[in-house]
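Structural overview
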Amino acid sequence: QAAQSWALARAAGQNKQHFITKNTAKLDRETEELHHDRVPLEVGKVIQQGRQSKGMTQKDLATKINEKPQVIADYESGRAIPNNQVMGKIERAIGLKLRGKDIGKPLETGPKGK
């Protein structure tokens with residue numbers, strides 16, 4: 001029995017790398033299947049154009065909406081996972097719609113309700 005457990009321990013050590021590689025591949029597959037939707041590039045371009053039309057840098061916009069400049073960079077490049085709160089703040093800051101069917105159209109700044 002001692003020889004058997006020694007053989008198992010030795011085999012376990014040799015297969016560890018293979019096991020890790022196998023798990024990594026499994027994780028990659030899961031990540032591909034369960035990926036989050038990112039901000040569409042179209043929306044990123046609208047943010048960039050809206051910001052530039054107001055003469056703001058990414059840092060200016062980030063400061064205005066109380067977020068980090070990296071957040072703006074990620075939204076503009078399409079790397080960000082959309083957050084409705086952040087999207088709303090950016091919309092109000094640049095005055096352009098970023099959600100729905102009228103992306104890029106001016107935000108109506110009228111009273112809410114009927």
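To be clear, the structure that these remarks concern was listed above.
This report concerns the structure included in the present document. (Residues numbered from 1 in each chain as written. Predicted model: local features only at pLDDT ≥ 70, side-chain atom pairs only at ≥ 80, totals over all residues. Heavy atoms only, no water.)

**Re the overall build of the protein**
Looking only at helices and strands, one finds five helices and zero strands in the protein. Element order for the protein, N to C, with α for helix and β for strand: α-α-α-α-α. Relative to its 114 residues, the protein shows a buried fraction of 23%. Considering only contacts within the protein whose residues lie at least 6 apart along the sequence, 49% involve residues at least 24 apart. Accessible area for the protein stands at about 8800 Å²; split by element, carbon and sulfur atoms hold 53% of it. (Helix = DSSP H or I, 4+ residues; strand = E, 2+ residues; numbered from the N terminus. Buried < 20%, exposed > 50% of the residue type's maximum accessible area, 1.4 Å probe, protein only. Contact = heavy atoms within 4.5 Å. Areas by Shrake-Rupley, 256 points an atom, 1.4 Å probe, with all protein chains shown as cover.)

**Concerning the nonpolar core**
In this structure, Ile47, Leu61, Ile65, Tyr75, Ile90, Ile94 and Leu98 are the most contacted members of the largest nonpolar core, which totals 18 residues. When contributions to this core are tallied by element, the ones reaching two or more residues are α2 (41–53), α3 (58–64), α4 (69–77) and α5 (84–94). Examining the composition of this core, we find that five residues originate from one element, α5, more than from any other. Contact partners of Ile90, with chain neighbours within four places excluded, come to Ile47, Leu61, Ile65, Ile72, Tyr75, Gly95 and Leu98. (Core = buried A, V, L, I, M, F, W, Y, C linked by side-chain atoms within 4.5 Å.)

**Some words on the pattern of salt bridges**
Charged atoms that come close allow side chains of opposite charge to pair. Under the counting rule described, the total for this entry stands at five salt bridges. The partner of Glu76 in a salt bridge is Arg51, and the shortest N-O contact between them spans 2.5 Å. Separated by 25 residues along the polypeptide, Glu76 in helix α4 and Arg51 in helix α2 bring together distant segments of the chain. Residue class for Glu76 comes out buried when judged on its relative accessible area of 9%. Of the charged contacts, one joins Lys105 and Asp102 as a salt bridge, the two residues approaching to 3.9 Å between their closest N and O atoms. (Salt bridge = Lys/Arg side-chain N within 4 Å of Asp/Glu carboxyl O.)

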